[in-house]
Amino acid sequence: MAMAWVTVLALSGCGFSISERAVRSNGMGRVSVADIDGLGLRQIEGKVKYVDPSTGIVVIEQSSGDVRLHTSPDTSFFVAGAKAALKDLREGALVRASFSLDGVRKLASWIEIPRDETPPTPPSPPEKKPVQAAPVPVPEGGAAP
């Protein structure tokens with residue numbers, strides 16, 4: 001049955017793969033919630049408001065309201081494209097996530113802290129202090145040598 005779905009998706013132009021790396025993000029702020037190809041998955045972006053490792057709950061803050069996600073052993077976590085874990089999520093971090101509805105619960109498929117897409121700020125050059133010449137001794141009598 002699973003092979004049939006892969007075949008259908010491949011033939012319809014909707015290919016996907018499973019790997020240890022996150023799908024490369026082209027940045028946040030595109031769409032706050034999207035239906036992914038009618039597969040019942042929804043994607044959100046926002047800021048981590050709360051993480052409870054004991055229950056696996058992650059609350060993501062959005063301008064339209066908070067979204068409470070439940071994680072499971074099947075939930076994948078990524079930080080800057082590398083495989084991560086729930087313990088790597090920090091409150092205040094900007095994230096993208098995908099979830100499906102499991103009854104009334106929102107079950108996270110994956111949660112990602114994307115790569116920082118802004119170029120790093122180059123370090124400031126060291127401050128140049130004016131060079132002072134050593135004082136020239138003046139002989140007694142006031143005439144310079």
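Owing to the predicted nature of the structure, the values given are computational and were not obtained by experimental measurement.

Student: Can you explain the overall build of the chain? Please cite residues and give values.
Tutor: Helix and strand content of the chain: 1 helix and 8 strands. Taken from N to C terminus, the helices and strands of the chain fall in the order α-β-β-β-β-β-β-β-β. In the chain, the proportion of contacts linking residues at least 24 apart, taken out of those at least 6 apart, comes to 52%.

Student: Account for the pairing of strand E5 (residues 76-79), with residues named and values stated.
Tutor: Pairing between E5 and strand E8 (residues 105-113): 4 bridges, direction parallel. Bridged to Val 79 within E8 is Ile 113. In the sheet, E5 pairs with strand E6 (residues 82-84) via 3 bridges, with the strands oriented antiparallel. The partner of Val 79 across the bridge, within E6, is Ala 82.

Student: Describe the confidence of the model for the chain, and please don't skip the residues or the numbers.
Tutor: Here the chain averages 75 in pLDDT, and 66% of its residues register 70 or above. At the level of individual helices and strands, the chain shows its lowest average pLDDT in helix H1 (residues 2-11), which scores 41, and its highest in strand E3 (residues 57-62), which scores 96. Across residues 1-26, where pLDDT falls below 50, the model places 23 contacts with residues more than four positions away in sequence or in other chains. Here residues 29-35 is a poorly scored stretch, pLDDT under 50, and it has 19 contacts once near neighbours within four places are set aside; other chains count.

Student: Can you break down the nonpolar core residue by residue, with the values?
Tutor: Membership of the largest hydrophobic core comes to 18 residues, with the highest contact counts inside it found for Ile 44, Ile 60, Leu 69, Leu 89, Val 95 and Ile 111. Of all the secondary structure elements, the ones that give two or more residues to this core are strand E2 (41-52), E3, strand E4 (65-70), strand E7 (94-102) and E8.

Reading the values: rules and limits
Residues numbered from 1 in each chain as written. Predicted model: local features only at pLDDT ≥ 70, side-chain atom pairs only at ≥ 80, totals over all residues. Heavy atoms only, no water. Helix = DSSP H or I, 4+ residues; strand = E, 2+ residues; numbered from the N terminus. Contact = heavy atoms within 4.5 Å. Pairing = 2+ DSSP bridges. pLDDT = per-residue confidence, 0-100. Core = buried A, V, L, I, M, F, W, Y, C linked by side-chain atoms within 4.5 Å. Buried < 20%, exposed > 50% of the residue type's maximum accessible area, 1.4 Å probe, protein only.

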